[in-house]
Amino acid sequence: MSLSVQGSFVPHGAGGFFYLWALDPALAPGPAKGRGSGPHPQAAAADRLYPVLKGIPYVHGVTCVIRLPGPAGLKAAKVPGIAMSATAAAQWLLDLDAAFAGTGLAPARSLRAWSGAAKLLLELLGRGRFVPVLRAEAGCLAAAWAAAAPALEDATRLARLEETLPEVCRAIVPPDRDHKAYRPPTSGALLRRFLEVGAEALARLFLTEAPVPLIDKGTRAAAAYWLTALAGHSGRDLPPALPGGADLYAGVDQWAASSLGVRGHAGLRTGLRLVPPAGTESGDWELQLILQTGDDPPVDIPAEAAWAAMGRDIRVGDHRYSHAEQRLLADLPVMARLFTPLEPLRVEAAPTGVAVGEEAVVALLQEGAPALQQAGFPVQLPAGLVRSAAIQARMHLAPPAGVTDSQLGLSQLVDVKWDLALGDADVSLEEVQRLARLRRPLVLHRGNWVQVDPESLAAAMRHLDRYREKIDLATALRLAPDLKETTAEGWVAGLLTRLQEPARIEPVVTPAGFSGTLRPYQQRGFAWLAFLRRYGVGACLADDMGLGKTVQVIALLLHEREQGWTANPTLLVCPVSLVGNWRRELAKFAPGLKVLIHHGAGRAEAEGLAAAAPAHDVVITTYALCARDEAALAAVEWAGVVADEAQNLKNPATRHTQALRRIPAPYRIAMTGTPVENHLGDLWSLFQFLTPGLLGGPEEFRRQYAIPIERYRDAEAAARLRRHAGPLILRRVKTDPAIVDDLPEKQENSVVTNLTLEQASLYEAVVQETLERAESAAGIARHGAVLSGLTRLKQVCNHPAALTGDGGPLAGRSGKLDRLTEMLAEVLAEGDQALIFTQFATFGGRLRPYLQRHLGCEVLFMDGSTPQKERDQLVTRFQAGEAPVFLLSLKVGGVGLNLTAANHVFHFDRWWNPAVEDQATDRAFRIGQTKKVMVHKLVTAGTLEERIDRLLAGKRELSAQVVDTSEAWLSNLSNADLQSLITLARE
């Protein structure tokens, strides 16, 4: 279990600091001791937090008292942690994922919330929403920065941050405070303090020169000190008895009162009262000004009373309030900036209120009231006003007469009935039609004023008119997650229920033509695919790498043909490096399926493909050819389209992505271990291939999902996205409880890759040279020639540069290296760690910088020349999670190392002796390993690597008897056997 790191801002003195700490659930909780604030028994040591703080200056260890809830109330305990300045924290919080990547630690909800606050802070600074102020603190004047009254769009953000800030953020007691007497600030006060302290720190960081004051002579000296202090070129405090200080303070204070909404000492707050038209559906609304006292509950004073008492005190209970009208005059400019319909009041001599139309009332409800209230100006709304009541629909679906669930598609129409509600009250269709005809944002409905969106209401009516009695399945699936309720009957109910609860999908018998055995979780995945295929619904199979996505899809291809669902071929699209692998896997697990490869210079033209494809069950092509041969592919009547390594569709603008979407097919399947690689836009692009329109258009998706989730960690938006997309994604990982028991402790597989043209040409040249030398030599010389040739062929299979030693670029020249890079990227996306073994240390030295550039992470490297001290340091760093990939030469890494942080092992080239490979694998698969170990052996198709891999796979249990511990046994082959072993096979 990774350590979850908590964090929060802690007010301290005139500023504050950001505090990080963690509790380790692996430690025994232990009984509470005494009544004081003793050490917390599960407190993690502070140095365990340092991996996430690399490069952060001015951090130091500190112990704070944290008051945590317990059975007997709040219990105070000392927890060691890390303190960092507000400046460092504000910048560090902006990209938590980068800070925690590869550390083995995880940010808790508190850090996620403060990350949102840091992003808001940066935006407010960029928009100039902080202003300089002068404060009287402990008898001195101090320069500071304060938050201006929030803009309309910021008020809601602040309120949401307050709601999401975990209670633990308020549990930290500042170091100089007694935890028994300490009263924590509210979430809102804590956030505002962080924003102001962070803004002041960053302002001092960014202002490199002190501004020159343009102020009258009397206050120039004080202003100069003030501005210099604001820029961070001196302390915060101005000198005592500074000439002009009192006048400057009075002037800044007066300006702050009108600019920031800072209230003086009158103890009154200016507010608004919204009054609706009297008993009619038309007419103006009135915004009345009021003054509100600080009593609990507060007492309202009408603005008329303030003007009537001008120059005299107003008595409320036991309190007297003088110059109440000045409170109104000071607050009105700020309130008018926050809500512009109040602007006419600023020119009136004695403003009391203003008449406004419905549009202004809606603006008040949606934006004005939150902004005013956040700035401290109360807003009173009518008791009978229902805010933002949307039309909510309950949809009931039923299969139409005579239509069964056999061979359905998303275009199938089903019967629909609608029940409607306005807010919480049921309404008839006639009432909704009446409200829609009014086209007004505020309507009087059953005695209450209700705010509605005329456009949304009109759109709802268009939907109701369009789908009054019939609706297609695609639209029903898109609408259902956002409706108040969806019910169904018959097979439609079965479809909706099983989409939401995959566990209720009935098992499916493994096809008779399947040559192999599906593991239980693979059987469940196959049943899920078959279920969605039956209804023509797009499916994303997103299982972890190594869990067998390929065999589940092959089982489906056999199933749909054995069930008689189709006689048409399925189009299977994959990267070039996987074409041969798919051909071999289909031949192995479904030998009865007829497969056509549409790839290479000799592939069929449009007419030839149209004629040949129907005679086959599966046609395999590549992403690049989807764009190039789109017309030919689109002319074939496909049973469905399967996209392997579907992360290739993450960019919606690429030609192959657009072409693949346009190819018509009754169903679509995407296979990928990383449905989201970089950002949520990847998921949108994937679903545009699977079920176009399900997640809306690109701008709608960004507005509703991507920005709220990625930037602000909006849990509601994330839940809404899961409701829409989740039923069509099947994601299992190796650590799932339902999967763990199905997997062996160590799972091995051969990953077959293809040669590039450069590799194939070089391979054949080495083959000819090796055969010639073997025929012309004898004895020890022949042994040496054969072994030398085999080694050189291995190097060619790895990469041409491994043989030639050229200093040219590595990218694009080796199918094996390209596949290794793809698989490592998937491993890292899962947060896993990997070992890579190669017997060629020199080439390993070139692999390291290449992999670092392409994976964007540190890659460790160890070979025979690595000193022992450095070896120990590399092992320690890898085990600590500081680098997720470790590249080792086979001999140096084959024995004596404990590398259990890795759960993936890649054999980039083969030693051709199972015992030697197992020794290397056992660096990860050993005592102390808590995860399933996935072993990937990269093999180049058509070469001696593939032939020897088959030999070893067939006789692995006898390998100790059949194969020597070295590769010398190969040198004893006859010339004919040698030629058969190493000659390049033609597909």
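Above this text sits the structure in question.
As the structure is a prediction and not an experimental result, all values here were calculated from the model.

Participant: Talk me through the overall build of the protein; I want residue IDs and the actual numbers.
Facilitator: Counting its secondary structure elements, the protein contains 36 helices and 36 strands. Out of the 987 residues in the protein, the part that is buried amounts to 52%. Within the protein, counting contacts between residues at least 6 apart in sequence, those at least 24 apart form 70% of the total. Split by element, the accessible area of the protein, about 43700 Å² in all, is 53% carbon and sulfur.

Participant: I'd like a description of the packing of helix H29 (residues 815-829) against helix H30 (residues 841-855), backed by residues and values.
Facilitator: In the contact formed by H29 and H30, the axes pass within 11 Å of each other and the chain directions differ by 50°. In this view, H29 runs oblique relative to H30, as classed from their interaxial angle. Note that H29 runs across H30; the crossing there is right-handed. In this structure, H29 contributes Leu817, Asp818, Thr821, Leu824, Ala825 and Leu828 to the contact, and H30 contributes Leu847, Tyr850, Leu851, His854 and Leu855. A breakdown of the residues in the contact of H29 with H30 according to their chemical character gives eight nonpolar, two polar and one charged.

Participant: Mind laying out the pairing of strand S32 (residues 834-838), listing which residues take part and the relevant values?
Facilitator: Taken across its five residues, S32 has five buried, putting it largely inside the fold. Residues Ala834, Ile836 and Thr838 point to one face of S32 and Leu835 and Phe837 to the other, with burial holding for every one of them. With four bridges joining them, S32 and strand S35 (residues 904-907) adopt parallel strand pairing. Across the sheet, residue Leu835 finds its bridge partner in S35, namely Val905.

Participant: Account for the nonpolar core, with residues named and values stated.
Facilitator: Counting residues in hydrophobic clusters, the biggest one holds 84 residues, and the most contacted among them are Met395, Leu397, Trp418, Ile471, Trp582 and Leu721. Looking at this core, the element that brings in the most residues is helix H15 (residues 520-535), giving eight residues. When neighbours within four sequence positions are excluded, Ile471 is seen to be in contact with Met395, Leu397, Gln412, Leu413, Val414, Val416, Trp418, Ala476 and Leu479. Formed by 44 residues, the second largest nonpolar core is a distinct cluster that contains Phe18, Leu53, Ala113 and Leu202.

Participant: I'd like a description of the sheet that holds strand S34 (residues 885-889), backed by residues and values.
Facilitator: Strands sit in the order S31-S36-S35-S32-S34-S33 across an open sheet of six strands; the sheet is parallel. At either margin of the open sheet sits one strand with a lone partner, and together these are strand S31 (746-753) and strand S33 (859-862). Going across the sheet, the axis of each strand differs from the next one's by a mean of 20°, ignoring polarity. Alignment of S33 against S34, held across four bridges, turns out to be parallel. Bridging from a neighbouring strand, Phe861 pairs with Leu887 of S34.

Participant: Describe in detail the packing of aromatic side chains, supporting the description with residues and values.
Facilitator: All chains considered together, the criterion is met by nine aromatic pairs. With a centroid separation of 5.6 Å and 20° between ring planes, the pair formed by Phe514 and Phe589 is classed as stacked. Placement of Phe514 in the loop between helix H14 (490-500) and H15 and of Phe589 in helix H17 (residues 579-589) is noted, with a sequence separation of 75 residues between them. Judged by relative accessible area, which is 13%, Phe589 ranks as buried. Note on Phe878 and Phe886: the rings are 5.4 Å apart at their centroids and 50° apart in plane angle, and the pair reads as tilted. Comparing Phe878 with Phe886 shows no difference in burial state: the two are buried. Feature note: the residues Phe9, Phe18, Trp114 and Phe194 constitute an aromatic cluster, connected by ring pairs. Its end group placed over the ring of Phe908, Lys816 keeps NZ or CZ at 5.5 Å from the ring centre.

Conventions we followed
- Residues numbered from 1 in each chain as written.
- Predicted model: local features only at pLDDT ≥ 70, side-chain atom pairs only at ≥ 80, totals over all residues.
- Heavy atoms only, no water.
- Helix = DSSP H or I, 4+ residues; strand = E, 2+ residues; numbered from the N terminus.
- Buried < 20%, exposed > 50% of the residue type's maximum accessible area, 1.4 Å probe, protein only.
- Contact = heavy atoms within 4.5 Å.
- Areas by Shrake-Rupley, 256 points an atom, 1.4 Å probe, with all protein chains shown as cover.
- Axes fitted to C-alpha atoms, helices over the stretch in contact; angles between N-to-C directions.
- Parallel < 35°, antiparallel > 145°, perpendicular 65-115°, else oblique.
- Left-handed = near helix turned anticlockwise from the far one by under 90°.
- Nonpolar A, V, L, I, M, F, W, Y, C, P; charged D, E, K, R; others polar.
- Pairing = 2+ DSSP bridges.
- Core = buried A, V, L, I, M, F, W, Y, C linked by side-chain atoms within 4.5 Å.
- Phe/Tyr/Trp six-rings, centres within 6.5 Å; stacked < 30°, edge-to-face > 60°.
- Lys NZ or Arg CZ within 6 Å of the ring centre and 35° of its normal.

No statement about biological role is implied by the geometric values presented.
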